[in-house]
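Overview (structure and organization)
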Amino acid sequence: MIDLSGYKLTFDDEFNSRSISLTGAGTKWADTRAEWLGDAASDVGFGTSSFVDPSSGYDPFSVSQGVLAITAVPDRTPFGVPGSWESGLITTQRTFSQQYGYFEIRTEFSSLPGAWDAFWLLPVKTLPDPNGLGRWQELDVVEHYGVWSKGAYSTIHTTDRALNENWQTQLQVYSELPNPAGYHTYGVNWQNEQISFYIDGQLVGTRATPSDMHQPMYLLANLATQEPASLAGIPITSKIDYIRVYSADPSATAVSLEPVSSPAGNDAGTYGAVTASSTPQATPTSTSIGAGSDQLVFKISEDAYLGDALYTISVDGNQIGGTLTAHASHAGGQSDTIAVHGNWGPGDHTVLVHFLNDRWDGTPASDRNLYVDAVGFNGTNLPQGAIGNVLGQTFSFHDGASAETTTPVITPPPPTNPTGTPSQTQDGSSPSIGAGPDQLIFKISEDAYLGDALYTISVDGNQVGGTLTAHASHAGGQSDTIAVHGNWAPGDHTVLVHFLNDRWDGAPDTDRNLYVDSVSFNGANLPQGAIGNVLGQTFSFHDGASAETTTPVITPPPQTNSTSTPSQTQSGSSTSIGAGPDQLVFKISEDAYLGDALYTISVDGNQVGGTLTAHASHAASQSETIAVHGDWGPGDHTVLVHFLNDRWDGTPDTDRNLYVDSVSFNGTNLPQGAIGNVLGQLFSFHDLVI
């Protein structure tokens, strides 16, 4: 996907209204080209069509629900070339031009024979043709022909002799869409050295920038026709959702993104570019946590959305400091600096950056991300300090015998083969954690990618042991064995396997997964020991009166109906945690699937109470009430609802969700008490002086 971090939005028309006129005076667009006026109401056009202004008696343009439709019809008026079809063109020839940048259209082209759609750029001033080739400067972002609907042609026109000798190879990029129907984006990133073409945000080809293409160019979009149109003789319509332009020039002026209507959904967003309406960038911060002679230095940034990104940093499974808040804008090229101190001793160590409140509401503009821009240990950069949105990013380092006298040796994550499976795997590792007569046995495996999967195991909200590392290859049919001991007393209990560092970089080969292959309690297998990649997997078991003398009774998760909502739900239950005069009241519900949703609530990075279990059915419009008490003092505070065991197995019926239906502080509702399935939901409140 194209990344426009560091760019600014410089032109935008979402076509929520119509701004087109004959010459462009007082409007965004003109519908004729000054040098190609054929008469008082038309442009002579090309192909078998003229481009007419509504004053001709035929209006080829209509705007509805954020879409500009251009419709071509057989000759209707005395204007234009006699006998030609009458259609429409829009251009910013007199109103907007730009040198370099990213230019994009989202459009639904016509598949009718005879349609000839195009989005293209022309120079403000055409340069001479010194070689007499009959060539000129033109940049065709995309041309599309109804007779060959799946093809998209992107072409550079230049007077350079050498490039024209084999123009189809050196100046054109041809692409085919597997599904050409519907809306697609077509873009070009025009730079000083190269010109890159994109379809649906993906790079499809790059060509060298010609010597005569270093001057401002303006925009054109049109629907022309070709001869096959006359065979059917029916109107042809092309639709445009938006046209957006971006610039990487630091001196460029950003414009606001107009309200997005996004017909058919899937608006592409601004790819990280800054707009005039963007949230003001915060000042990057520098934070120091921990104590000791060794030092890890992180460069951290974020895409903020409905609040900042929250995260923790752990070394060898031990969290250092509290919950941290990102401030620096990734789109603005900023980074916070986090110095983590410790005395970790000689040997290999593992670092985890745990993103607590990832959120995505369906578009690039509604996506909260955390980025680890760089990491260094005792002054040496660690490899694979990945730049990307990460749920839990792991890094490895090697501490020499003395941090003061020895240059550290950096140990990268294990190499992977093309399928993302570790080249070297460990099968049969058998850690044992906890103590007591009861025993849970887990069979665990992983898909390793840029390091191994990390996880914890908790019973009834209490973590047993530290952070565990998977080694066995799921693809190789291997499993680690984890024995968890305890004395959990008679009754029902809940187990959580919490996957700490899930990662997916867009393909099956770049996907880190954790698998719970099976689970047993005191020798009896637990039902639904799901095999799959899990963020947090829950299991239930029943402990008899005595683990030594009683055969355990296994209690499966509650049965679900066809919508995965529990057949029996609890509505109106009330839980109170914490102590103090202040009170936050949450209304919570869930979509249960293979067990209930588990979560915690923290204020200013401090968890209040233990792990909570949702019971109320969101589908049935139920809510339970959670009263959180404290004495938080005057000023601003941040609340985090952390969803521990999100799960989705591919359909709406196999999706465990947690919903924060509303939140109030001391009787006043908090804004943006979002309703939705959330990994970590943030809220802010202000406590007055009492």
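Residues numbered from 1 in each chain as written. Predicted model: local features only at pLDDT ≥ 70, side-chain atom pairs only at ≥ 80, totals over all residues. Heavy atoms only, no water.

1. Some points on the sheet that holds strand β6 (residues 49–52)
For the record, the criterion: Strand pairing is defined by DSSP finding a minimum of two bridges between the two strands. Secondary structure elements follow DSSP: runs of H or I no shorter than four residues count as helices, runs of E no shorter than two count as strands, and numbering proceeds from the N terminus. Every angle, taken between N-to-C directions, lies between 0 and 180 degrees, and every axis is a line fitted to C-alpha atoms, over only the stretch in contact when it is a helix.
The four strands lie next to each other as β4-β5-β6-β9, forming an open sheet whose pairing is mixed. Of all the strands in the sheet, the pair left with one neighbour each is β4 (37–39) and β9 (85–87). When the angles between neighbouring strand axes are averaged without regard to direction, this sheet yields 40°. Of the strand pairs in this sheet, β6 and β9 are connected by three bridges, and their pairing is parallel. Note that in β9 the partner of Phe51 across the bridge is Ser87.

2. Here we look at the nonpolar core
Here is a general trend for soluble globular proteins: nonpolar side chains tend to be buried in one another's company. To keep it simple, the criterion reads: Residues belong to a common nonpolar core when they are buried Ala, Val, Leu, Ile, Met, Phe, Trp, Tyr or Cys residues joined through side-chain atoms within 4.5 Å. Buried, partly exposed and exposed residues are distinguished by accessible area as a fraction of the type maximum, computed with a 1.4 Å probe on protein chains only: under 20%, between the cut-offs, and over 50%, respectively. Residues are treated as being in contact if the distance between any of their heavy atoms lies within 4.5 Å.
Within the largest apolar cluster, 42 residues are counted, with the highest numbers of intra-cluster contacts made by Ile90, Phe119, Leu139, Leu219 and Ile243. Excluding its chain neighbours within four sequence positions, the residues that come into contact with Phe119 are Phe103, Glu104, Ile105, Asp140, Val141, Val142, Tyr186, Leu219, Leu220, Ala221 and Ile243.

3. Notes on a nonpolar patch on the surface
Filter applied, for reference: Candidates for patches are residues over 30% relative accessible area with no salt bridge; among them, like charges are joined within 9 Å and nonpolar side chains (Val, Leu, Ile, Met, Phe, Trp, Tyr) within 5 Å. With residues, only the protein chains shown are counted as cover, and all accessible areas are computed by Shrake-Rupley using a 1.4 Å probe. Salt bridges are defined by distance alone: a side-chain nitrogen of Lys or Arg within 4 Å of a carboxyl oxygen of Asp or Glu.
Where nonpolar side chains cluster on the molecular surface, the patch consists of Val147, Trp148 and Tyr174 and spans about 290 Å² of accessible area. Within the secondary structure, Tyr174 sits in strand β15 (residues 172–176).

4. Some thoughts on the confidence of the model for the protein
Here is the rule we go by: For every residue, the predictor states its confidence as a pLDDT score lying anywhere from 0 to 100.
In this model, the protein carries a mean pLDDT of 81, and residues with pLDDT of at least 70 account for 81%. Averaged pLDDT values for the elements of the protein fall to 53 in strand β50 (residues 680–687) and rise to 98 in strand β10 (residues 89–91). pLDDT under 50 marks residues 545–571. Its contacts with residues more than four places away, or in other chains, come to 50 contacts.

5. Thoughts on empty space enclosed by the protein
For clarity, the threshold we go by: Two kinds of site are reported from a 1 Å grid over the protein atoms alone, namely cavities, where a 1.4 Å probe fits but cannot get out, and pockets, open sets with protein on both sides within 12 Å along at least five of seven lines, and residues are called lining when an atom falls within 4 Å of a point. Grid points are joined across faces, edges and corners, and a volume is the space filled by probe spheres set on the points. Residue classes follow a fixed rule: Ala, Val, Leu, Ile, Met, Phe, Trp, Tyr, Cys and Pro count as nonpolar, while Asp, Glu, Lys and Arg count as charged, and any other residue, Gly among them, counts as polar.
By the definition in use, this model includes four cavities of 30 Å³ or more. Reported here for the largest cavity is a volume of approximately 60 Å³. Looking at the largest cavity, the residues that line it are Ile70, Ile105, Thr107, Phe109, Asp117, Ala118, Phe119, Ala221, Asn222, Ser238 and Ile240. In terms of residue count, strand β12 (residues 115–123) provides more of the lining of the largest cavity than any other element does, three residues in total. Of the residues that constitute the lining of the largest cavity, the class distribution is seven nonpolar, three polar and one charged.

6. Here we look at the pattern of salt bridges
Taken as a whole and assessed by the stated rule, the structure comprises nine salt bridges. Two residues, Arg18 and Asp59, come together in a salt bridge whose shortest N-O distance is 3.0 Å. In this pair, Arg18 sits in the loop between β1 (8–13) and β2 (20–21) while Asp59 sits in the loop between β6 and β7 (61–64), placing the two residues 41 residues apart along the sequence. Residue classification places Asp59 among the partly exposed positions, given a relative accessible area of 33%. Between Arg33 and Asp43 there is a salt bridge whose closest N-O contact spans 2.8 Å. Here Arg33, found in the loop between β3 (29–30) and β4, pairs with Asp43, found in strand β5 (residues 42–46); they are ten residues apart in sequence, far enough to count as distant. As far as the burial class goes, Arg33 and Asp43 line up, both buried. Linked through salt bridges whose partners overlap, the residues forming this network are Asp12, Glu14, Arg244 and Asp267.

7. Topic: unusual backbone geometry
Phi at Tyr271 is positive, roughly 55°, even though this residue is not glycine. With respect to the secondary-structure elements, Tyr271 resides in the loop between β20 (236–247) and β21 (286–290). Backbone geometry at Ala489 places phi at a positive 70°, although glycine is not the residue there. Its place among the elements puts Ala489 in the loop between β35 (480–486) and β36 (491–499).

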